[in-house]
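# Notes for the structure review
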Amino acid sequence: MRNRRFVKLVTLAVPIACIGCIAGAAYLRSGNEERLALAARSLQQREPAQARAALERLLWWEPDHPEALHLEGLSYAQEGDWPAAISSLSQVAADSPAHQDAQINLAAALLKDHQLQRAEAVLKSHLLKYPHSWVARRQWSGLLLATLRRREAVAVLEEALELAQPFQTRAGSDAFEKTLEILRDLAVAEVEPPPAAQCLPVLQEALQRDPDQPTVRLALAQCYGSAGQVRTAEQLFREAADEHREVPYVRIVVSRFFVDQMDIPSASEVLFDDETSGSRLHPTMAAQLEEDDRYWEIRCRIREIAGDYEQSLGFIDRALSIRPAETSYLSRRARLLLRLERIPEAQRAFARSHELARAELDLWDLQRNLTMPRPTPAECRRMAELYDALGRSMTAGAWRWMAEAVSDQPAVGPNT
């Protein structure tokens, strides 16, 4: 009899308990918006602990709540607790509305925590999903500049400019401000990137924080090389080559360092995997290297040191076929033509290199002195002319659009 009564009580208790749970969940969910709003207000008032207190019950009941995790991550970020911020932000579900902003904030937290390699991976992934995210592009381009990868930074910004073009059909405020911001960042990245000495402390701390960051190690090696600390640089370059020779960029940067040191056997070994030719390179690696103008420039320098000026000229011509407006290549080509006593061709090559060098110098000077916060139409047209001279038609076109758009914008001044 007692067993029957017990069974009866249990069968009644289970659905009652479930109903209680459902009712409790409904009650908690009904207050979610209020808790999220309170947390957001607390963050605006710079009260991160109060924000977390507002989220505590919500996250206890729904530990994977995306908006709550995002706000929790921001609260830790306000306190400078980057590991805790990273932990919360990295848990925000990819299919949630909060994911886009959470990824931007996650990348920022990783950068603050000197996890540069992981931050780059987050930004790459983010831009695959949200290609129009200008904030992510600015973060990534800044990271690339900090790791001495100026060309990649320029490419990231150029892609942003290309994506912005559909919006340039109208001179709306959003399109204008976004395009101007891209163009300013692009000009700085191209002609005035941060010097290696400025990047050195950040890179040192980043590698100390996490030694498994190959791009950081490579950039740090370049910094030491620029500072004349050749032995330290060589050690880091050799480590990078040993660990990541499957990356074409690593081969190029390391072999260039050894050519600078006139250590041709080491340069050839890194670039070709042996000391004589590229015959042992895997076909995929060989194809990737041959698409990079810097590979041909290094081969040119190796043959020039050996005194083979004819073959060296062929290699620099290959480099110029990929990057025709590279001033240093044109100067080297002119010197090789001079060595080969091809005087008229050398004169033309020198003239062309001087023309491009003047355009680069003028671009550097103009971008430093552009009127703030908006350039004048005349400045925009001059920027377009200089980019045209450097063979950069897309950027030149954007500056021409900007010249017309500037005059359509409301005046900016103290009373605006």
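Structure: see above.
## Notes on the overall build of the protein
From N to C terminus, the protein includes 22 helices and 0 strands. Taking all 416 residues of the protein together, 45% fall into the buried category. Taking all contacts inside the protein whose residues are at least 6 apart in sequence as the whole, residues at least 24 apart take part in 56%. Of the roughly 21800 Å² that the protein leaves accessible, carbon and sulfur atoms contribute 53%.

## Regarding the side chain of Gln 139
Among the structural elements, Gln 139 can be located in helix 8 (residues 134-146). The buried category is assigned to Gln 139, whose relative accessible area is 16%. Setting aside residues up to four positions removed in sequence, Gln 139 forms contacts with Ile 104, Ala 107, Ala 108 and Leu 123.

## What to know about the pattern of salt bridges
Taken as a whole and judged by the stated rule, the model has 35 salt bridges. Across the pair Arg 368 and Glu 192 runs a salt bridge, and its minimum N-O distance is 2.4 Å. One end of the pair, Arg 368, is in helix 20 (residues 343-368); the other, Glu 192, is in the loop between helix 10 (173-191) and helix 11 (196-209), and 176 residues separate them in sequence. The exposure class assigned to Arg 368 is partly exposed, which follows from its relative accessible area of 46%. A salt bridge links Arg 400 to Asp 388; the shortest N-O distance between them is 2.6 Å. Highlighted residues: Arg 400 in helix 22 (residues 393-406) and Asp 388 in helix 21 (residues 377-389), separated in sequence by 12 residues. Asp 388 sits in the partly exposed class, given a relative accessible area of 37%. What you see here is one network of salt bridges that share partners, running through Glu 120, Lys 124, Arg 149 and Glu 152.

## Focus: the packing of helix 4 (residues 66-78) against helix 5 (residues 82-89)
The geometry of a pair of packed helices is captured by two quantities: the angle between their axes and the separation between those axes. For the pair helix 4 and helix 5, interaxial distance at closest approach is 8 Å and the crossing angle is 170 degrees. What the angle tells us is that helix 4 and helix 5 run roughly antiparallel. Facing Leu 69, His 70, Glu 72, Gly 73, Tyr 76 and Ala 77 of helix 4, the residues of helix 5 in contact are Trp 82, Ala 84, Ala 85, Ser 88 and Leu 89. Taken together, the residues that form the contact of helix 4 with helix 5 break down as 7 nonpolar, 3 polar and 1 charged.

## Here we look at the packing of aromatic side chains
Evaluated as defined, the whole model comprises 6 aromatic pairs. Summarising the aromatic geometry, the rings of Tyr 295 and Trp 296 are spaced 5.0 Å apart at their centres and angled 75 degrees between planes, so their arrangement reads as edge-to-face. Each member of the pair, Tyr 295 as well as Trp 296, carries the same accessibility label: buried. Pairing Trp 296 with Phe 315 gives two aromatic rings, centres 5.7 Å apart and planes at 35 degrees, and the pair type is tilted. Taken together, the positions of Trp 296 in helix 17 (residues 293-305) and Phe 315 in helix 18 (residues 309-322) put the pair 19 residues apart, joining distant regions of the chain.

## Notes on the environment of Asn 105
In this fold, Asn 105 is placed in helix 6 (residues 99-112). The exposure class assigned to Asn 105 is partly exposed, which follows from its relative accessible area of 25%.

## Examining the environment of Arg 209
Residue position: Arg 209 is located in helix 11. A residue is classified by how much of its surface remains accessible, and Arg 209, at 38% relative accessible area, is partly exposed. The spacing of Arg 209 and Asp 113 is 96 residues in sequence and 8.1 Å in space, taken between C-alpha atoms. When sequence neighbours within four positions are dropped, the list of residues in contact with Arg 209 reads Asp 113, His 114 and Gln 115. Within polar-contact distance, the side chain of Arg 209 engages the side chain of Asp 113 at 2.7 Å.

The rules behind the values
- Residues numbered from 1 in each chain as written.
- Predicted model: local features only at pLDDT ≥ 70, side-chain atom pairs only at ≥ 80, totals over all residues.
- Heavy atoms only, no water.
- Helix = DSSP H or I, 4+ residues; strand = E, 2+ residues; numbered from the N terminus.
- Buried < 20%, exposed > 50% of the residue type's maximum accessible area, 1.4 Å probe, protein only.
- Contact = heavy atoms within 4.5 Å.
- Areas by Shrake-Rupley, 256 points an atom, 1.4 Å probe, with all protein chains shown as cover.
- Salt bridge = Lys/Arg side-chain N within 4 Å of Asp/Glu carboxyl O.
- Axes fitted to C-alpha atoms, helices over the stretch in contact; angles between N-to-C directions.
- Parallel < 35°, antiparallel > 145°, perpendicular 65-115°, else oblique.
- Nonpolar A, V, L, I, M, F, W, Y, C, P; charged D, E, K, R; others polar.
- Phe/Tyr/Trp six-rings, centres within 6.5 Å; stacked < 30°, edge-to-face > 60°.
- Polar contact = N/O pair within 3.5 Å; in protein donor to acceptor, adjacent residues only side chain to side chain.

Shape descriptors only; they carry no functional weight alone.
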